[in-house]
Amino acid sequence: MLKLHVKTESLPSLQTESSLYTVTKNLNCPSTLRANSVYISDFPITEIGFGAYLIPEKYWESATKGKYGTKLNIFKFNDHLSYLREGDIIRMSQQNSSISCLYRKSSNHNTILLTERCNHYCLMCSQPPKKRDDSGLLDEALKLVEMIPTETNNIGFSGGEPTIYGDDFIKLINKTKSYLPKTAIDVLTNGRAFHNKSFARKYSEIEHPNCLLGIPIYSDDPVRHDYVVQSKGAFDQTVGGILNLKSYNQRVEIRIVIHKQTIERLVKTCEFICRNLLFVDHVALMGLEMMGFTRANLKDLWVDPYDYKEILSEAVSVLDSYGITNSVYNHQLCVVNPDVKNSYVKSISDWKNEYLDICTSCSRKSECGGFFSSSKIYRHSDHITPYI
């Protein structure tokens, strides 16, 4: 598991605000780009003009004795940051001597957190909501999209609930389209804001060619869905939002997280989607991530994927029979039936994707999605069996 947020050390600097920098080891970096770049330097520092410097741990003690004053922004480059490569983008904060990796150029799993605020309180939320003004994350995202390389295949936006920003969310998607016209976008949203026809229309007027809104429907029963998200009236607004979005020909994915509260009606939920929302672009059937509220509510959520594999197969079959493109995410090959093979996807983000020791001998390990790092630590199926 990669640590995307690292506490390190820094030398005193006049620069106290958090800043974004592109990582470079290029001595020939043009002077016009240096102010927005962080240089991974040996010691002593001889290259000038960079916005910040990362000094390898083995030189750090000597660096602390150097006479650099407070004009240079200098941080320790420790082992937790060894994955950083040319073109990655990081946030450096003098205030708490921390570094956060916001974009990795070599990864296809770059998701940008826009807020931790949300109007849901989902039982299995992996990013529990917080009631505080964190609009600085949106300001940061607006700057970040200017720095991300135009050849990037895809990025994601998540929360919290991204649409809580209203028109500023529209501004972000519009700006992303302008700066990254060939980049696909995935937005994780509860979809309720699009129940407002005017908001759905504003979003559609961006005319982004490849933006997919991932919206959850956890049950065909409104009461059950509202219970899972802990918000009365959520089901009606979510379905209304999807209907509005599709009336404007916008791309929508329905996401169903499978657990004890959703598994009983999973097939019926898929039938509901087929009967009433046949026009959606994709349906994702997803395993649990052992983070946030999931761990706190585990006794009310956990069901072994092996024990529901027949139900999962039936759900996939229903979606297939209606021609709805679907995927099975966050599961291991040995706990699903062979008949879901065409829907099975290795989906877990690379920075938090691991395997058990028992998986080492598995002949299909390269095909398998593996585990969330948190699942490896806290809870996973009791039926993991390697293919030999």
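This is a predicted model, so every value here is computed, not measured.

S.K.: Now, about the sheet that holds strand β10 (residues 184–188): what can you tell me, with residues and values included?
M.R.: What the 7 strands build is an open sheet, ordered β8-β9-β10-β11-β12-β13-β14; its pairing is parallel. Edge strands, defined here as strands with exactly one partner in the open sheet, are β8 (111–113) and β14 (326–329). This sheet shows a mean twist of 25° between the axes of neighbouring strands, independent of strand direction. Pairing of β10 with strand β11 (residues 211–216) involves 4 bridges; the strand directions are parallel. Pairing of V187 across the sheet is with L213, part of β11.

S.K.: Run through the sheet that holds strand β7 (residues 98–103), naming residues and quoting values.
M.R.: Across the sheet, which stays open at both edges, the 7 strands sit in the order β1-β7-β6-β2-β3-β4-β5 with mixed pairing between neighbours. Every interior strand has two partners, whereas the edge strands, β1 (5–7) and β5 (74–77), have only one. Here the average twist between neighbouring strands, direction ignored, is 30°. Strands in contact with helix α3 (residues 136–147) are β2 (19–24), β6 (89–93) and β7; relative to β2, the strand with the most contacts, it is inclined by about 30°.

S.K.: Give a description of the pairing of β7 that names residues and reports values.
M.R.: Counting buried positions along β7 gives 6 out of 6 residues, so the element sits mostly inside the fold. Of the pairings in the sheet, the one linking β1 to β7 comprises 3 bridges and is antiparallel in character. Considered in β7, the bridge of K7 is made with S98. Linking β6 to β7, which pair antiparallel, is a turn of 4 residues; within it S97 sits at a positive phi near 50°.

S.K.: Explain the pairing of β14 to me, using residue names and the numbers behind them.
M.R.: The two faces of β14 match: N326 and V328 on one face and S327 and Y329 on the other face are all buried. Where strand β13 (residues 282–286) meets β14, 4 bridges bridge the pair, whose relative direction is parallel. In the strand pairing of β14, A284 is matched with S327.

S.K.: Mind laying out unusual backbone geometry, listing which residues take part and the relevant values?
M.R.: The peptide bond linking G159 to G160 adopts the cis configuration, its omega dihedral lying at 20°. Summarising the element assignment, G160 is placed in the loop between β9 (154–158) and α4 (167–179). One non-glycine residue, E207, lies in positive phi territory at about 55°. Within the element layout of this structure, E207 appears in the loop between α5 (197–204) and β11. In the Ramachandran plot, Q230 falls in the positive-phi region, its phi being about 55° despite a non-glycine side chain. Looking at the secondary structure, you find Q230 in the loop between α6 (222–229) and α7 (234–247). Taking relative accessible area as the criterion, Q230 reaches 40% and is therefore assigned partly exposed.

S.K.: Can you explain the pattern of salt bridges? Please cite residues and give values.
M.R.: The tally for this structure, following the rule as stated, stands at 19 salt bridges. Residue E9 pairs with K76 through a salt bridge whose shortest N-O separation is 2.7 Å. Of the two residues, E9 sits in the loop between β1 and β2 while K76 sits in strand β5, which places them 67 residues apart along the sequence. Judged by its relative accessible area of 38%, E9 is partly exposed. Take K76: its relative accessible area is 11%, and that puts it in the buried class. Across the pair E116 and K130 runs a salt bridge, and its minimum N-O distance is 3.7 Å. You can see E116 sitting in the loop between β8 and α3 and its partner K130 sitting in the loop between β8 and α3, a full 14 residues away along the chain. The class for E116 is buried, based on a relative accessible area of 9%. Residue class for K130 comes out partly exposed when judged on its relative accessible area of 38%.

S.K.: Explain the packing of aromatic side chains residue by residue, including any values.
M.R.: For the structure on display, the rule yields 8 aromatic pairs. With centroids separated by 5.2 Å and ring planes inclined at 40°, the aromatic side chains of F194 and F199 adopt a geometry described as tilted. Taking relative accessible area as the criterion, F194 reaches 0% and is therefore assigned buried. With a relative accessible area of 9%, F199 lands in the buried category.

S.K.: Go over α4, please, and point to the residues and values.
M.R.: Its 13 residues place the ends of α4 18 Å apart at the C-alpha level, agreeing with the 18 Å of an ideal helix rising 1.5 Å per residue. Listed in full, the buried residues belonging to α4 are F169, I170, L172, I173, K175 and T176. For α4, the elements touching its buried residues are α3, β9, β10 and α5.

Analysis parameters
Residues numbered from 1 in each chain as written. Predicted model: local features only at pLDDT ≥ 70, side-chain atom pairs only at ≥ 80, totals over all residues. Heavy atoms only, no water. Pairing = 2+ DSSP bridges. Helix = DSSP H or I, 4+ residues; strand = E, 2+ residues; numbered from the N terminus. Axes fitted to C-alpha atoms, helices over the stretch in contact; angles between N-to-C directions. Contact = heavy atoms within 4.5 Å. Buried < 20%, exposed > 50% of the residue type's maximum accessible area, 1.4 Å probe, protein only. Salt bridge = Lys/Arg side-chain N within 4 Å of Asp/Glu carboxyl O. Phe/Tyr/Trp six-rings, centres within 6.5 Å; stacked < 30°, edge-to-face > 60°. Expected span 1.5 Å × (residues − 1).

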